[in-house]
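Residue-level structure breakdown
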Amino acid sequence: MEQVVSKERLVENMPEVDNLFAEIRREFKGNADELIPMLQRVQRALGFLPEQALLEIARLTGVSAARVFGTATFYTRFHLQPVGKNTIRVCRGTACHVRGGARILREVEKLLGIKPGESTPDLEFGLETVACIGACALAPTMMINNDTHGLMTTRKVREILTHKD
Ligand code: FES
């Protein structure tokens, strides 16, 4: 997957991460059982899990860096990159696929310049795909945050995304 976060951005985050870990060292005992609560704590504070935070969690918990990275990537609720303010989910389920879901996804990708799993550089939008959003009768569908948009066309995608503030 293409890396959206620049090295500069990670370096910019360093003071924020340092302050956060000063708090975390006070809040946690620093044992292996605290791995997931610590990941949750960092994600709540920063919105994602930068690499230097994962390495610091490994050091604090005594869990190997490989296991910390493995855990962070296993659970979809954890993000290793900054997440866009608005999450767009395009359905890739069968009902949507047969009604042109791939075209909808391509249009969103083209307009935002990102692929699923990525966020726009200004962090306005994040893009994901889902197996079914439970509105198959309205296929093809997509969601923006909690709003479902059905009977999508490429034109509707352009209208929605260019009018989203
Ligand atoms: S397959 Fe797309 S909403 Fe169900």
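The rules we used
Residues numbered from 1 in each chain as written. Predicted model: local features only at pLDDT ≥ 70, side-chain atom pairs only at ≥ 80, totals over all residues. Heavy atoms only, no water. Helix = DSSP H or I, 4+ residues; strand = E, 2+ residues; numbered from the N terminus. Buried < 20%, exposed > 50% of the residue type's maximum accessible area, 1.4 Å probe, protein only. Domains from an automatic or database assignment. Core = buried A, V, L, I, M, F, W, Y, C linked by side-chain atoms within 4.5 Å. Contact = heavy atoms within 4.5 Å. Expected span 1.5 Å × (residues − 1). Pairing = 2+ DSSP bridges. Phe/Tyr/Trp six-rings, centres within 6.5 Å; stacked < 30°, edge-to-face > 60°. Lys NZ or Arg CZ within 6 Å of the ring centre and 35° of its normal.

1. Thoughts on the overall build of the protein chain
Of the regular secondary structure elements, the protein chain holds seven helices and four strands. Element order for the protein chain, N to C, with α for helix and β for strand: α-α-α-α-β-α-α-β-β-β-α. Taken over the C-alpha atoms alone, the protein chain extends approximately 50 × 30 × 25 Å along its principal axes. In the protein chain, which comprises 165 residues, the share counted as buried stands at 44%.

2. Structural notes on the domain arrangement of the protein chain
Each domain of the protein chain was delimited in the assignment, giving domain 1 (15–74) and domain 2 (86–161). Taking only C-alpha atoms, the centre of domain 1 and the centre of domain 2 are 32 Å apart.

3. Some details on the nonpolar core
The biggest cluster of nonpolar side chains holds 21 residues, and the ones touching the most others in it are Phe21, Ile24, Leu39, Val42, Leu49, Ile57 and Val68. Elements with a minimum of two residues in this core: helix H1 (7–27), helix H2 (35–46), helix H3 (51–61) and helix H4 (65–74). Excluding residues within four positions of it along the chain, Ile57 makes contact with Phe21, Leu35, Met38, Leu39, Val42 and Val68.

4. Points about H2
The end-to-end C-alpha distance of H2 is 17 Å, a good match for the 16 Å that twelve residues give at a rise of 1.5 Å each. The set of residues buried in H2 consists of Leu35, Met38, Leu39, Arg41, Val42, Gln43 and Leu46. With its phi angle positive at about 85°, Gly47 sits one or two positions after the end of H2.

5. Digging into the pairing of strand E1 (residues 86–91)
Buried residues dominate E1, accounting for five of its six residues. Pairing analysis gives six bridges linking E1 to strand E2 (residues 125–130), with the strands arranged parallel. Note on E2: the bridge partner recorded for Arg89 is Glu128. Pairing of E1 with strand E3 (residues 142–144), which is carried by three bridges, proceeds in the antiparallel orientation. Paired with Ile88 across the bridge in E3 is Ile144.

6. Some points on the packing of aromatic side chains
In the structure shown here, the tally under the stated rule is two aromatic pairs. Ring plane angle 90° and centroid distance 5.0 Å describe the contact between Phe74 and Tyr75, whose orientation is recorded as edge-to-face. Residue Phe74 is classed as exposed on the basis of its relative accessible area of 63%. Look at Tyr75 and Phe78: their rings are 6.1 Å apart centre to centre, the planes differ by 90°, and that puts the pair in the edge-to-face class. Each residue in the set Phe74, Tyr75 and Phe78 is aromatic and connected to the rest through ring pairs, giving one cluster. For the cation-ring pair, Arg77 lies above Tyr75, with the distance from its terminal atom to the ring centre recorded as 4.9 Å.

7. Notes on the environment of Leu138
For Leu138, the position within the fold is in the loop between E2 and E3. For Leu138, the residues in contact, after removing those within four places along its chain, are Gly150 and Leu151.

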